[in-house]
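Take a look at the letters that make up each chain.
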Amino acid sequence: MVQATAIACSNIAFIKYWGNRDATLRLPLNNSISMNLDSATTTTTVAFDPALDDDVVVIGDQVAQGRHRARVVAHLERVRALARIATRARVHSRNNFPMGAGIASSASAFAALSLAATRAAGLELSERELSMLARQGSGSACRSIPGGFVEWYAGSTSAESYAVQLAPPSFWDLRDVIAVVSTTEKSVGSTDGHAAALSSHFFAERLAALPARLARVRHALAARDLPALGIASEEDAIELHLIAMTSRPPIFYWSPGTVRVIQAVQCWRAEGLAVYFTLDAGPNVHLLCHARDADTVVARVREIPEVLQVIVNAPGGAARLVDEHLF
Ligand code: DP6
């Protein structure tokens, strides 16, 4: 029995993945661009064990059940098909941040699972192949395979849909300060949000606007231009939530704390602090700022009563294997 353990970062998208052309293969309708988050990681150990009758999946300290387990088992099936094996697996996975609250736990989880499970099965996939595999577990997970600043090419077939590095973590000392305003699992998961997105009549307008916004973000990254990156990221985050709120039925991810933090960011910026917000499909607010301003941003965010926890992230590295196993 060979164990393999991988660690992968979550990521925050500046341009979001929202809506699929093929929900089963997770082929998105648009390219997306993100940064890996070095303080929001998942560690996963996998071993294929001939003594097992069924897959065993432990997330945190609990044996996973229901849809969480089913999604991991479906991913193990993809790995078994690639490796041409039928052996069942033991999977232990641990996050160092709250699950299901708009910090993309599925991104780091499926990136770490893809790397650990393929190695445990005796496969050595390229970065592109790993990204394609991770994508099928959770779309945003394909962006957590390469390190640093990453673009996911939507493509129109599975072989064309994977993520590549735009710049390494050391390229830009940016910070993502996560203001956690809720740690409860959201009521509508991203997968259902993607499916609902196409029912919003603003969706087609978003798709039409994206090529220009993607180009702005690529240029902003290349020029390390925080105001340009920040404004484009805010536009995109607001648009994602506009589409969620106008989907049928509507989806509201925001909580009162979300609005408090967004309004505070606007005030701080008016006072001269270079800080911008973005959101995933959840209530927590991600604040983008220069490393030199991170302490100031953290201190101000902590003063907002609705903020429960603050997590500071620098650009994170690629998914990688480690020697310390979880079992
Ligand atoms: C709003 O990757 O979580 O965070 O493929 O169904 O697992 P599934 O969706 P997921 O969607 C992420 C949506 C987002 C934006 C983004 O990270 O690009």
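The written sequence of each chain sets the order in which its residues are numbered from 1. Totals for whole chains, interfaces and linings use every residue, but because this is a predicted model, local features are given only for residues with pLDDT of at least 70 and side-chain atom pairs only at 80 or more, for both listing and counting. The side-chain values count all of the structure's non-hydrogen atoms but skip hydrogen atoms and water molecules.

## Observations concerning the side chain of Asp 49
The test is simple: In DSSP terms, a helix is any run of H or I states spanning at least four residues, a strand is any run of E spanning at least two, and both are numbered starting from the N terminus. Each residue is placed in one exposure class: buried if its accessible area under a 1.4 Å probe, protein chains only, is under 20% of its type's maximum, exposed if it is over 50%, and partly exposed if it falls in between. Here the positive residues are Lys and Arg and the negative ones are Asp and Glu; neither His nor the chain ends is included. Any carboxyl oxygen of Asp or Glu within 4 Å of a side-chain nitrogen of Lys or Arg constitutes a salt bridge here. In protein, a polar contact means a hydrogen-donor-capable atom and an acceptor-capable atom, both N or O and within 3.5 Å, with residues adjacent in sequence counting only if both atoms are side-chain atoms; elsewhere, any N or O pair within 3.5 Å suffices. Between two residues, a contact is recorded if the distance between any of their heavy atoms is within 4.5 Å.
Structurally, Asp 49 is set in the loop between strand E4 (32-48) and strand E5 (56-59). Among buried charged residues, Asp 49 stands out as having no salt bridge; its nearest opposite-charge side chain is Arg 90, 5.6 Å away. A polar contact is formed between the side chain of Asp 49 and the backbone nitrogen of Ala 51, at a distance of 2.9 Å. With near-sequence residues (within four places) excluded, Asp 49 lies in contact with Met 1, Thr 87 and Arg 88.

## So, the pattern of salt bridges
By the definition in use, this model includes 18 salt bridges. Three or more residues joined by partner-sharing salt bridges are found here, namely Arg 206, Arg 213, Arg 216, Glu 235, Asp 236 and Glu 239.

## Topic: the site of the ligand
Rules: Proximity is defined per residue: if any heavy atom of the residue lies within 4 Å of a molecule or strand, that residue is considered near it. All accessible-area figures derive from a Shrake-Rupley calculation using a 1.4 Å probe, and residue coverage is judged against the displayed protein chains alone. Each residue receives one of three labels: charged for Asp, Glu, Lys and Arg, nonpolar for Ala, Val, Leu, Ile, Met, Phe, Trp, Tyr, Cys and Pro, and polar for the others, Gly being one of them. The start and end points of each domain follow an automatic or database-based domain assignment.
Around the ligand there are 17 residues in total, and Arg 26, Arg 71, Ser 138, Ser 140 and Thr 191 lie nearest to it. Here an oxygen atom of the ligand and a side-chain polar atom of Arg 71 are 2.6 Å apart. Here Thr 191 contributes a side-chain N or O atom positioned 2.6 Å from an oxygen atom of the ligand. About the coverage of the ligand: the protein hides 98% of its 460 Å² of free accessible area. Ranked by residues supplied to the shell around the ligand, first place goes to helix H4 (residues 190-197) with three residues. Looking at side-chain class alone, the shell around the ligand contains five nonpolar, seven polar and five charged residues. The residue makeup of the shell around the ligand includes at least three contributed by each of domain 1 (2-170) and domain 2 (174-313).

## Quick word on the pairing of strand E8 (residues 149-153)
The line we're drawing: Two strands form a pair only when DSSP identifies at least two bridges running between them.
Of all five residues making up E8, four are buried, and the element is well covered by its neighbours. Relative to E8, E4 runs antiparallel, the two being bridged by four bridges. Note on E8: the bridge partner recorded for Ile 33 is Glu 151.

## Re the domain arrangement of the protein chain
Applicable threshold: Accessible area that two parts lose when put together, with a 1.4 Å probe and added across both, is what the buried area reports.
Looking at the assigned domains, one finds that the protein chain contains domain 1 (2-170) and domain 2 (174-313). One C-alpha centre belongs to domain 1, the other to domain 2, and the line joining them spans 23 Å. Summing both partners gives a buried area of about 3100 Å² for domain 1 against domain 2, and 66% of it is carried by carbon and sulfur. When the buried area of domain 1 at its contact with domain 2 is split by residue, Phe 14, Lys 16 and Trp 18 rank highest and sum to 28% of it. Along the contact surface separating domain 1 from domain 2 lie two salt bridges. Glu 151 is paired through a salt bridge with Arg 218; the nearest N and O atoms lie 2.8 Å apart. If you list the elements that add at least two residues to the side of domain 1 that touches domain 2, you get strand E1 (3-15), E4, helix H1 (66-83) and E8. When residues in the side of domain 1 that touches domain 2 are grouped by element, the largest group, seven residues, is from E4.

## Examining the sheet that holds strand E12 (residues 285-290)
The cut-off we apply is this: The axes are straight lines fitted to the C-alpha atoms, using for helices just the contacting stretch, and the angles between their N-to-C directions are given from 0 to 180°.
Strand order in the open sheet formed by four strands is E11-E12-E10-E13, with antiparallel pairing between adjacent strands. At either end of the open sheet lies a strand with only one pairing partner, and these are strand E11 (275-279) and strand E13 (309-313). On average, each strand axis in the sheet is inclined to that of its neighbour by 25°, with strand direction left out of account. Sheet strands touched by helix H6 (residues 226-245): strand E10 (174-180), E11 and E12. Its angle to E11, the strand with the most contacts, is close to 30°. Along the sheet face, helix H8 (residues 294-302) touches E10, E11, E12 and E13 and points at about 150° away from the line of E12.

## Observations regarding H1
So the rule is basically this: Under the convention used throughout, the expected extent of a helix is 1.5 Å for every residue step, that is, one less than its residue count. Each C-beta atom gives one direction from the helix axis, and the arc is the one those directions make.
If you check H1, its first and last C-alpha atoms are 26 Å apart, about what 18 residues at 1.5 Å a residue would give, namely 26 Å. Listing the buried residues of H1 in full gives Val 72, Val 73, His 75, Leu 76, Val 79, Arg 80 and Ala 83. All buried residues of H1 lie within an arc of 160° about the axis, which places them on one face of the element. With respect to the buried face of H1, the exposed residues turned more than 90 degrees away are Gly 66, Arg 67 and Ala 81. The inward-facing, buried residues of H1 contact E4, E5, strand E7 (89-95), helix H2 (105-120) and helix H3 (127-137). Positive backbone phi, approximately 55°, marks Arg 84, located one or two places after H1.

## Quick look at the packing of aromatic side chains
Here is the rule we go by: Aromatic rings from Phe, Tyr and Trp, taking only the six-membered ring of Trp, are treated as a pair when their centres fall within 6.5 Å; an angle between ring planes under 30 degrees marks them as stacked, one over 60 as edge-to-face, and anything in between as tilted. Two conditions define a charge sitting above a ring: the NZ of Lys or the CZ of Arg must be within 6 Å of the ring centre, and it must be within 35 degrees of the ring normal.
Taken as a whole, this structure holds four aromatic pairs when the rule is applied. For the cation-ring pair, Arg 224 lies above Phe 171, with the distance from its terminal atom to the ring centre recorded as 4.0 Å.

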